[in-house]
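# Examining the three-dimensional arrangement
What follows is each chain in one-letter form.
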Amino acid sequence: MSQMDEKVFGRDENIPEDHFEGSQKPEEEDALCMTPAEEKKLLRRIDLSIVPYASLLYLLSFLDRVNIGQARLAGLEKDLQLRGNQYDIALTIFFVSYGIFELPSNLVLKKFKPPRWICFLMVSWGILQVCMGLVTNHQSLYATRFLLGMFESGLFPGLNFLFTTWYTREELNGRVSVFFSGATLAGAFGGLLAFGIRHMAGVGGKNGWAWIFILEGLLTVICALPALWLVQDFPQYSNILSPQERAKWLHRLNISQGVTNAPLPFSKSQVVRALTEWKTYVYGAILLSVAQPFYSLSLFVPSIIAALGFTNATANLLSAAPYTIGTAVTLLVAYISDRYSIRAPVLIVMMLLCIVGYTILLCDVSPAAKFVAVFIAVAGVNPSIPTAITFVGNNSGPMYTRATVIGVVFSMANAAGIISSNVYPIGDAPRYIRGHAIALGFSCLSIVLCAFMTFYNMRENARRDRVYGVPNPDGSDCSPLYADDPVRLKKWGLEGKNKEEIIALGDQHPAFRYDAPILPQKPN
């Protein structure tokens, strides 16, 4: 590692040797195993320490991102005298900066520590959200939206990356789904909040849309300050684990994730590997094709509902209902996905449901039928986002390679926001055929790409079984715990490699198997 790498990514070279080796020596493995009761108790404590607050932060993030759709109905366009596609540009510019800064933010997350970095980002964008309530023209709206995207870009990929380092492959989707439910709740909560805040029109000489930005921005700042204590560090450094608990938890992760989760010092080769791997971009295209219909709904559900004949205020209120259902479906699907260890089939089924919803929206049917279609589309696409994220996180490593893959995939996915922001022009109301047709096309693409990637992963798993043999189901063959075991080195054709080289193989380790089952597995 170069001196510049050490300066920028310096926390990694202080990794204790026992962490690097897999926490303990093989002969002490029995002491690292937990009873089911111990595992359940520790998992519950970790869940309570990580998931609820992270979910609140993402709720605020998504609320601040899409509340411009609610502000639009509260007089934003009229007061700022937005003409033509200026509103669409304001939407688009957020996703430009968001996509640019996601990967750099993920790579510096370890250096600055998640609690400090997340707190800094949130306070910054909360202040910018308040500033959006003070703008007087489209130029200042563009500037604040660009900066908002820059500071918001680090939260979602950063916390998802953090989740992949804390949880096993079998339990990740449930936690990501609860976390992601912050976005679906933002859709419901945002509509209700906007309905109430818009009645402050005239207070302080400002219209209702300005107070939506100001009050929600202040809420973000207030909720962000405890991040210094409530956002957890990586498991190797977190103070919620005792040394003995940390050793046991890391051993548990090693069994599930193998060398893909073992900490390594930063190296440019890990980043380059992710950037030059074709699978990174297929995974990115999968998330992009799922995110496009999701963003279309998030940004335009209030306008779509208003176009069905409801007043703007009523549209604010009614937009909460589909997301309430979407949250419940997301949690149910996550439970099924984790319990039976299936990702791709779940993703395909849910996107088929989304296709049904958009097909109805495209048809010339009654407003009531279209309102039901919005529920169907939300129920289909919302669970698909965390399932796709889990699909990516479970199939990449080592650590900085995974951080890079997640950063690139999320950057590609945010191109969906740029597309969605420009395919629902007001002139297409009330049917919005163009926007719905594009969302329908991306939904179909997601199924094709997911099926392709699953087929490839299954084929690669079969090839490794054929060439090297079937790995031990207890995960020991791919565990960093046995990175220097000569018997296993010979079995997997890794003789002559040192520990760091073996761990750096990540998902390319011959004993690693990709997450690709198409049938439900034995319940976890």
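First, a word on scope: everything that follows refers to the structure included in this document. The shown structure was predicted, so the numbers you read here are calculated from the model rather than taken from an experiment.

Looking now at helix α11 (residues 208-224). With 17 residues, α11 extends 24 Å from end C-alpha to end C-alpha; this agrees with the ideal 24 Å at 1.5 Å per step. Counting buried positions along α11 gives 12 out of 17 residues, so the element sits mostly inside the fold.

The next subject is the packing of aromatic side chains. If you walk through the whole model with that rule in mind, you get 29 aromatic pairs. Summarising the aromatic geometry, the rings of Phe266 and Tyr400 are spaced 5.0 Å apart at their centres and angled 90 degrees between planes, so their arrangement reads as edge-to-face. Of this pair, Phe266 sits in the loop between α13 (243-257) and α14 (268-276) while Tyr400 is found in helix α21 (residues 399-413), placing the two residues 134 residues apart along the sequence. We classify Phe266 as buried; its relative accessible area is 5%.

Turning next to the pattern of salt bridges. Here the structure, examined in full by the defined rule, presents 18 salt bridges. For Arg72, the salt bridge goes to Glu77, with nearest N and O atoms at 3.2 Å. Look at Arg72 and you get buried, because its relative accessible area is 9%. Here Asp507 and Arg273 are joined by a salt bridge, their closest N and O atoms 3.1 Å apart. Of the two residues, Asp507 sits in the segment after α25 (499-503) while Arg273 sits in helix α14, which places them 234 residues apart along the sequence. Residue Asp507 is classed as buried on the basis of its relative accessible area of 7%. Among the ionic contacts, a cluster of salt bridges with common partners joins Asp477, Asp485, Arg488 and Lys491.

This part takes up the nonpolar core. Ranked by size, the top nonpolar core spans 131 residues in total, and within it Ile46, Phe163, Trp166, Tyr167, Trp209, Trp249 and Tyr358 carry the most contacts. When residues no more than four places from it in sequence are discounted, the contact partners of Tyr358 are Pro293, Ser296, Leu297, Ala377, Tyr424, His436, Ala439 and Leu440. Ranked by size, the runner-up nonpolar core spans 14 residues in total, among them Cys478, Ala483, Trp492 and Ala511.

Moving on, we come to α21. Because an α-helix completes one turn every 3.6 residues, residues spaced three or four positions apart along the sequence face the same direction. Taking 1.5 Å per residue, 15 residues should reach 21 Å; α21 reaches 21 Å between its end C-alpha atoms and fits that length. The buried count for α21 comes to 14 of 15 residues, which makes it a mostly enclosed element.

Relative to the assigned elements, Thr164 resides in helix α9 (residues 155-166). Residue classification places Thr164 among the buried residues on the basis of a relative accessible area of 4%. In this structure, Thr164 is in contact with Leu172, Gln257, Asn261, Gly393, Arg402 and Ile406, ignoring residues within four places of it in sequence.

Another point: a nonpolar patch on the surface. Together, Leu228, Trp229 and Leu230 give the surface a local cluster of nonpolar side chains, amounting to about 350 Å² of exposed area. Its relative accessible area of 64% is what places Trp229 among the exposed residues.

Close contact between helix α7 (residues 114-132) and α11 brings their axes to 7 Å; oriented N to C, the two are set at 160 degrees. Classed by the angle they form, the pair α7 and α11 counts as roughly antiparallel. As for the relative orientation of α7 and α11, their crossing is left-handed in sense. Between α7, through Cys119, Met122, Val123, Trp125, Gly126, Ile127, Gln129, Val130 and Met132, and α11, the contact on the second element is made entirely by Trp209, Phe213, Ile214, Glu216, Gly217, Leu218, Thr220, Val221 and Ala224. Within the contact of α7 with α11, the residues separate by chemical class into 13 nonpolar, 4 polar and 1 charged.

Rules behind the numbers
Residues numbered from 1 in each chain as written. Predicted model: local features only at pLDDT ≥ 70, side-chain atom pairs only at ≥ 80, totals over all residues. Heavy atoms only, no water. Helix = DSSP H or I, 4+ residues; strand = E, 2+ residues; numbered from the N terminus. Expected span 1.5 Å × (residues − 1). Buried < 20%, exposed > 50% of the residue type's maximum accessible area, 1.4 Å probe, protein only. Phe/Tyr/Trp six-rings, centres within 6.5 Å; stacked < 30°, edge-to-face > 60°. Salt bridge = Lys/Arg side-chain N within 4 Å of Asp/Glu carboxyl O. Core = buried A, V, L, I, M, F, W, Y, C linked by side-chain atoms within 4.5 Å. Contact = heavy atoms within 4.5 Å. Patch = residues over 30% accessible without salt bridge, like charges linked within 9 Å, V, L, I, M, F, W, Y side chains within 5 Å. Areas by Shrake-Rupley, 256 points an atom, 1.4 Å probe, with all protein chains shown as cover. Axes fitted to C-alpha atoms, helices over the stretch in contact; angles between N-to-C directions. Parallel < 35°, antiparallel > 145°, perpendicular 65-115°, else oblique. Left-handed = near helix turned anticlockwise from the far one by under 90°. Nonpolar A, V, L, I, M, F, W, Y, C, P; charged D, E, K, R; others polar.

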